[in-house]
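Next come the chains, spelled out residue by residue.
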Amino acid sequence: MKAVLLTLGVLLALALVVVLYGVGAYNGLVNQQQAVDAQWAQVQNVYQRRADLIPNLVNTVAGAANFEKSTLTEVTEARASVGRVNIDPAKAPTDPTQLAAFERAQGQLGSALSRLLVVAERYPELKATGNFQTLQAQIEGTENRIAVERGRFNEVAQAYNSAIRRFPAVFFAGGFGFQPRAYFAASAGAEKAPEVKFDFGTKK
């Protein structure tokens, strides 16, 4: 009888240890998942900051005499295309294809915006205005913030993705809805803050 009770006690103790460990592991995954989603929201925030600055920049540049209208149109259309990519701002995407579409749209906007700034630099009357200089500085600062926040997102996403694949979480993570998060793809020179160079000299 004592042996049976002892065996039951040991089994109960082991079960309690397993349950407590499982609860701790689950809570740890929840915390990491929330960290990924929080960083995703920050990524969305810096992209939105750029989108909010663009109308002011376009309006300021549009006032310059003989300014290339096609460049302004390209920026406006690229900004509109970003708005057509629907990704939940409160939850980091699990579908790499969806994130790739988001990246493509944002990349096109970033390229169009860089070309706008480069072309705008050729207009002395525009360069001299305080509004343009302020907006230019804010846009460039936002590009740096985007690079930083994307890097931080990849770091927390990597930590989370590793956690759900480690033992013993790998056995229950999927069943509790812990799905891997997609990464931002690294581009050439991504380790450096983006910069726009203005080295065109006098316009002929």
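To be clear, the structure that these remarks concern was listed above.
This one's a predicted model, so the numbers in the text were calculated from it and none came from an experiment.

Draft legend 1. Looking closely at the pattern of salt bridges. Tallied over the entire structure, the rule returns five salt bridges. Between R50 and E143 there is a salt bridge, with the nearest N and O atoms lying 2.8 Å from each other. One end of the pair, R50, is in helix α1 (residues 2–62); the other, E143, is in helix α5 (residues 130–165), with 93 residues separating them in the sequence. Judged by its relative accessible area of 2%, R50 is buried. For R150, the salt bridge identified is with E103, shortest N-O distance 3.2 Å. Placement of R150 in helix α5 and of E103 in helix α3 (residues 96–120) is noted, with a sequence separation of 47 residues between them. Neither R150 nor E103 differs from the other in exposure class; each is buried.

Draft legend 2. Layout of unusual backbone geometry. A cis geometry characterises the amide bond from F167 onward to P168, with omega recorded as 0 degrees. Relative to the assigned elements, P168 resides in the segment after α5.

Draft legend 3. Looking closely at the packing of aromatic side chains. Summed over the entire model, instances satisfying the criterion amount to 10 aromatic pairs. Here Y47 and F102 contribute two aromatic rings whose centre-to-centre distance is 5.3 Å and whose plane-to-plane angle is 85 degrees, an arrangement assigned as edge-to-face. In this pair, Y47 is assigned in helix α1 and F102 in helix α3, connecting sequence segments 55 residues apart. You'll find Y47 and F102 in the same group, each marked buried.

Draft legend 4. Seen up close, the packing of helix α2 (residues 69–83) against α3. The geometry of α2 relative to α3 is characterised by a closest axis approach of 9 Å and an angle of 160 degrees between their N-to-C directions. Considering the angle they form, α2 stands roughly antiparallel to α3. For the pair α2 and α3, the sense of crossing is left-handed. Residue-level contacts link T71, L72, E74, V75, A78, R79, S81 and V82 of α2 to A105, Q106, Q108, L109, A112, L113, R115, L116 and V119 of α3. In terms of residue class, the contact of α2 with α3 is built from 10 nonpolar, four polar and three charged.

Draft legend 5. Summary view of the environment of A182. Structurally, A182 is set in the segment after α5. Given the relative accessible area of 6%, A182 is considered buried. Between the C-alpha atom of A182 and that of P96, which follows or precedes it by 86 residues, the distance is 5.1 Å. Those residues in contact with A182 that sit more than four places away from it in its chain are P93, T94, D95, P96, L99 and F153.

Draft legend 6. Representation of a nonpolar patch on the surface. A cluster of nonpolar side chains, contributed by M1, V4, L5, L6, L8, V10, L11 and L14, occupies part of the molecular surface with about 840 Å² of accessible area. Mapped onto the secondary structure, M1 falls in the segment before α1. Residue classification places M1 among the exposed residues on the basis of a relative accessible area of 76%.

About the criteria used
Starting afresh in each chain, residues are numbered from 1 along the sequence in its written order. Per-residue local features are limited, in this predicted model, to residues with pLDDT of at least 70; the limit for side-chain atom pairs, both in listing and counting, is 80 or more; totals at the level of whole chains, interfaces and linings are taken over all residues. Water and hydrogen atoms play no part in the side-chain values, which are based on all heavy atoms of the structure. What makes a salt bridge here is a side-chain nitrogen of Lys or Arg within 4 Å of a carboxyl oxygen of Asp or Glu, nothing more. We count a stretch as a helix when DSSP gives it H or I for four or more residues in a row; a strand needs E for two or more, and each element gets its number in order from the N terminus. Each residue is placed in one exposure class: buried if its accessible area under a 1.4 Å probe, protein chains only, is under 20% of its type's maximum, exposed if it is over 50%, and partly exposed if it falls in between. Only Phe, Tyr and Trp rings are paired, with Trp represented by its six-membered ring, and only when their centres lie within 6.5 Å; those with planes under 30 degrees apart are stacked, over 60 edge-to-face, the remainder tilted. Axis definition: a line fitted to C-alpha atoms, limited for helices to the stretch in contact. Angles are taken between N-to-C directions and run from 0 to 180 degrees. Here roughly perpendicular refers to angles of 65 to 115 degrees, roughly parallel to angles under 35, roughly antiparallel to angles over 145, and oblique to all remaining angles. The sense of a crossing depends on the near helix, which, turned anticlockwise from the far helix by less than a right angle, makes the crossing left-handed and, turned clockwise, makes it right-handed. Contacts are assigned to residue pairs that have any heavy atoms within 4.5 Å of one another. Each residue is assigned to one of three groups, with Ala, Val, Leu, Ile, Met, Phe, Trp, Tyr, Cys and Pro labelled nonpolar, Asp, Glu, Lys and Arg labelled charged, and all others, Gly among them, labelled polar. A patch is a set of surface residues, each over 30% in relative accessible area and not in a salt bridge, joined within 9 Å for like charges and within 5 Å for the nonpolar side chains Val, Leu, Ile, Met, Phe, Trp and Tyr. In this description, accessible areas are obtained by the Shrake-Rupley approach with a 1.4 Å probe, and a residue is regarded as covered only by the protein chains that are shown.

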